[in-house]
Amino acid sequence: MRPEPPLVPFVVQREGEEAAPDNLMLTTIGPGRYRLHYADEDPRDRDLRGVLWARCSFGEVDDLGKPTGRPQWRMMHPLRQRGTMQALRCQVCAERARTPLGYIFLAGPGTVDPDDPMVLTNQPPVCPRHARSAADLCPHLTRDPMVLLAQSAPMYGVNGVGYGYGDLGVQVVKRPKGPIPYGHELLPTVLASQMVRRLSTFRAVGLDELLWELERAT
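Here's what I pulled together on the structure shown here. (Residues numbered from 1 in each chain as written. Predicted model: local features only at pLDDT ≥ 70, side-chain atom pairs only at ≥ 80, totals over all residues. Heavy atoms only, no water.)

Moving on, we come to the overall build of the protein. Counting its secondary structure elements, the protein contains three helices and twelve strands. By the compact-globule yardstick of 17 Å for 218 residues, the protein fits well, its C-alpha radius of gyration being 19 Å. Along the longest, intermediate and shortest principal axes, the C-alpha atoms of the protein span 60 × 50 × 25 Å. Residues counted as buried form 44% of the 218 residues belonging to the protein. For the protein, the share of sequence-separated contacts (at least 6 apart) that also reach a separation of at least 24 residues comes to 72%. For the protein, the accessible surface area stands at approximately 12,300 Å², while carbon and sulfur atoms represent 52% of it. One finds the centroid of the 26 positive side-chain charges in the protein at a distance of 4 Å from the centroid of its 25 negative side-chain charges. (Helix = DSSP H or I, 4+ residues; strand = E, 2+ residues; numbered from the N terminus. Rg over C-alpha atoms; globule rule 2.2 N^0.38 Å. Buried < 20%, exposed > 50% of the residue type's maximum accessible area, 1.4 Å probe, protein only. Contact = heavy atoms within 4.5 Å. Areas by Shrake-Rupley, 256 points an atom, 1.4 Å probe, with all protein chains shown as cover. Lys, Arg positive; Asp, Glu negative; His and termini not counted. Charge placed at Lys NZ, Arg CZ, Asp CG, Glu CD.)

This is the structure in structure tokens:
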């Protein structure tokens, strides 16, 4: 009998998955305005809002199509993160994350103030089956993480860096301290690495309390 493989979240980057060669270019689109693109750009290089994304290779997959290779625990594969966040799928198994009570988002200690009117997250949701596993596996979380149960989580923007012309040609010239909202004037020259959603109509609960409520709801 084949042994059960260790559980590794779908979004975690694996050893051997590396950034693609840098062939970025800037095209003038107006006075002092540019658009960042790849010399050999493919439609898949941009998200649904037209933002350019960092390329990263994909490693081998198993018989179920799941990534293999040694996990790089503190890194999320940019395109798997984008896919799960875009479709609101579980960051562990990539299955649908919607529950009868809403979407489950986890946050590490001190990273989110639930009273803040603008709560943003780059962490894809988790499904009920993997909420405890995600808390145990993620190095940014604790066994009893903050759980944000959201009724809605509209798209907000991306984490990324801004490109421009410098001494080395086309290079990073801006490193925003936080997420860049969709519609921002910087986005035409941004190379994104993570998608960000804004949590709205949510409540903070304990993980044990949440799992108990979900058991009752189903």
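We now examine the nonpolar core. C90, I104, L106, V126, V147, L207 and L210 are the most contacted members of the largest nonpolar core, which has 16 residues in total. Of all the elements in the fold, those that place two or more residues in this core are β6 (103–107), α2 (131–137), β8 (146–152) and α3 (207–217). In this structure V147 touches I104, F105, L106, R203, A204, V205, G206, L207 and L210, once residues within four positions along its chain are discounted. Counting residues in each nonpolar core, the second largest holds twelve residues, with W53, L186, L187 and A192 among its members. (Core = buried A, V, L, I, M, F, W, Y, C linked by side-chain atoms within 4.5 Å.)

On to the environment of R132. Position of R132 among the secondary structure elements: in helix α2. Residues R132 and D208, 76 residues apart in the sequence, show an inter-C-alpha distance of 8.9 Å.

This part is about the side chain of E17. You can see E17 is positioned in the loop between β1 (12–14) and β2 (24–30). In this structure the side chain of E17 is engaged in a polar contact, spanning 2.9 Å, whose partner is the backbone nitrogen of G59. Residues contacting E17, with those up to four places away along its chain left out, are V12, C56, S57, F58, G59, H77 and R80. (Polar contact = N/O pair within 3.5 Å; in protein donor to acceptor, adjacent residues only side chain to side chain.)

Turning our attention to the packing of aromatic side chains. Scanning the entire structure with this criterion turns up one aromatic pair. If you follow R49 out to its NZ or CZ, it ends over the ring of Y182, 4.8 Å from the centre. Against the face of Y38 rests R55, its NZ or CZ located 3.9 Å from the ring centre. (Phe/Tyr/Trp six-rings, centres within 6.5 Å; stacked < 30°, edge-to-face > 60°. Lys NZ or Arg CZ within 6 Å of the ring centre and 35° of its normal.)

Below, the discussion takes up α3. Along an α-helix, residues three or four apart share an orientation, since each turn contains 3.6 residues. Those residues of α3 that sit buried are L207, L210, E213 and L214. Seen end-on, α3 carries its buried residues on one side only, within an arc spanning 125°. Across α3 from its buried face, at more than 90 degrees, point the exposed residues D208, E215 and R216. Elements that come into contact with the buried residues of α3 comprise β6, α2, β8 and β12 (190–205). (Arc of directions from axis to C-beta.)

Even without glycine at this site, L88 takes up a positive phi of about 55°. Of note, L88 is situated in the loop between α1 (78–87) and β6. The buried category is assigned to L88, whose relative accessible area is 13%.

Take the side chain of Q13 next. Following the sequence through the fold, Q13 ends up in strand β1. The residues touching Q13, leaving out its near neighbours within four places in the chain, are C56, R70, P71, Q72, M75, M76, H77, P78 and R80.

Of the pairings in the sheet, the one linking strand β4 (residues 52–53) to β12 comprises two bridges and is parallel in character. Each residue of the ladder has a partner; that of W53, found in β12, is A192. For strand β7 (residues 119–121) and β12, the ladder comprises three bridges, and the chain directions are antiparallel. Across the sheet, L120 pairs through a bridge with R198, a residue of β12. (Pairing = 2+ DSSP bridges.)

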